[in-house]
Amino acid sequence: MKVRKAVIPVAGLGTRFLPASKAIPKEMLTVVDRPTIQYIVEEVVASGIEEVILVTSAGKSAIENHFDYNFELDTFLEQKRKHGLAEEVRHISNLIDVVSVRQKKPLGLGHAIWMARNVVGNEPFLVLLGDDLVQAETPCCKQMLDLFEELQTPIVAIQRVPQEETHQYGIVEGQAVRDRLTKVNRLIEKPAPGTSDSNMAIIGRYLLTPEIFDLLEKTTPGHGGEIQLTDALMALSNKNGMYAYEFEGTRYDAGDKLGYLKAIVAFASCHKTLGPAFRRYIKEMAATL
Ligand code: G1P
């Protein structure tokens, strides 16, 4: 079955990014010339997905507005003969169909995904977490969609992390079946140090089948007292099997202050117009450090 929908949870309070995220959603913080959420949506679009489902909460309307058509702004820019800029702004609202559902209480990532059940319906779908920006020749989601066509089994994207960082992630244990592909045995949300030998960390890209919704409904609060997606994934893996895929590309944790700065440097270095001057500047600056 073709994967047509992507769920993007954006309901979180962004506490790791305070005070910047006090009055604006952290997903609206800029990397070079676009808010981080636009990179996520552009990855979805470049992967051939038809519909985005945002799981939002109070105070997040700036995200919905960003992907909406802004009549006043468009008219103003056209009157000022700034046609190029007007076109660029219109382009964002034409990227893809966006619908949103509300997560009324911050009960966890698993609960946020469960909120999308009626809009997703009975079909496989992608989940992208807004904190994880991936720079890749082939979009990370596209790599997963191609693999899903072959495997027809849920897939989580992973990357290897240093052992001392595993407690910050959902960790996958399993057996390698071929290059970059592991058959999942166990998933643990943020394992305490020393409780798992694996360093395969789930990054925010999942390709799931709709059975996850019933399993999420039965999932009881786990790590941090929240309904964890990882716990429901363990149940889904037991039921239908699951693969972990070591994607090709680089992931930046844009929800963390240092990760966000790294993302800015990486995306600015590759930027079509700003890239060459920015790279020169970085070289000059590095020489002074
Ligand atoms: C979430 C997931 C975790 C995953 C991580 C990737 O955690 O619960 O399993 O490894 O995203 O970014 P969070 O970073 O929201 O605490």
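See the structure above.
Thresholds applied
Residues numbered from 1 in each chain as written. Predicted model: local features only at pLDDT ≥ 70, side-chain atom pairs only at ≥ 80, totals over all residues. Heavy atoms only, no water. Helix = DSSP H or I, 4+ residues; strand = E, 2+ residues; numbered from the N terminus. Rg over C-alpha atoms; globule rule 2.2 N^0.38 Å. Buried < 20%, exposed > 50% of the residue type's maximum accessible area, 1.4 Å probe, protein only. Contact = heavy atoms within 4.5 Å. Areas by Shrake-Rupley, 256 points an atom, 1.4 Å probe, with all protein chains shown as cover. Salt bridge = Lys/Arg side-chain N within 4 Å of Asp/Glu carboxyl O. Axes fitted to C-alpha atoms, helices over the stretch in contact; angles between N-to-C directions. Parallel < 35°, antiparallel > 145°, perpendicular 65-115°, else oblique. Near = heavy atom within 4 Å. Polar contact = N/O pair within 3.5 Å; in protein donor to acceptor, adjacent residues only side chain to side chain. Nonpolar A, V, L, I, M, F, W, Y, C, P; charged D, E, K, R; others polar.

Enquirer: Before we move on, could you go through the overall build of the chain and cite the residues and values that matter?
Expert: On a plain count of helices and strands, the chain comes out with 11 helices and 13 strands. Taking 289 residues into account, the globule formula puts the C-alpha radius of gyration at 19 Å, and the chain, at 19 Å, falls close to it. On the principal axes, the C-alpha backbone points of the chain span a range of 60 × 50 × 40 Å. Here the chain holds 289 residues, and 50% of them are scored as buried. In the chain, of all internal contacts separated by at least 6 residues, the share reaching a separation of at least 24 is 76%. Surface exposure of the chain reaches about 14700 Å², of which carbon and sulfur atoms provide 52%.

Enquirer: Explain the pattern of salt bridges to me, and be specific about the residues and the numbers.
Expert: Oppositely charged side chains can form a pair if their charged atoms are brought close together. By the definition in use, this model includes 21 salt bridges. Glu50 serves as the salt-bridge partner of Arg4, at 3.6 Å between the closest nitrogen and oxygen. Placement of Arg4 in the segment before strand E1 (5-9) and of Glu50 in the loop between helix H1 (36-46) and strand E4 (51-56) is noted, with a sequence separation of 46 residues between them. For Arg4, a relative accessible area of 31% translates into the label partly exposed. Across the pair Arg186 and Glu173 runs a salt bridge whose closest N-O atoms are separated by 2.9 Å.

Enquirer: Now, about the packing of helix H10 (residues 257-269) against helix H11 (residues 275-288): what can you tell me, with residues and values included?
Expert: Packed helix pairs are characterised by how far apart their axes lie and by the angle those axes make with each other. Across the interface, H10 lies against H11 with an axial gap of 8 Å and an inter-helix angle of 130 degrees. Considered as vectors, H10 and H11 are oriented oblique to each other. Across the interface between the two elements, Val265, Ala268 and Ser269 from H10 touch Gly275, Phe278, Arg279 and Ile282 from H11.

Enquirer: If you had to explain the site of the ligand to someone new, which residues and values would you point to?
Expert: Taken together, Leu109, Leu129, Asp132, Tyr169, Gly170, Glu189, Lys190, Ile202, Tyr206, Gln228, Thr230 and Arg251 make up the full set of residues near the ligand. Ile202 places a polar main-chain atom, nitrogen or oxygen, 2.7 Å from an oxygen atom of the ligand. One of the side-chain nitrogen or oxygen atoms of Thr230 is found 3.3 Å away from an oxygen atom of the ligand. When the free accessible area of the ligand is taken as 380 Å², the share hidden by the protein chains comes to 79%. Residue classes in the shell around the ligand are distributed as 5 nonpolar, 3 polar and 4 charged.

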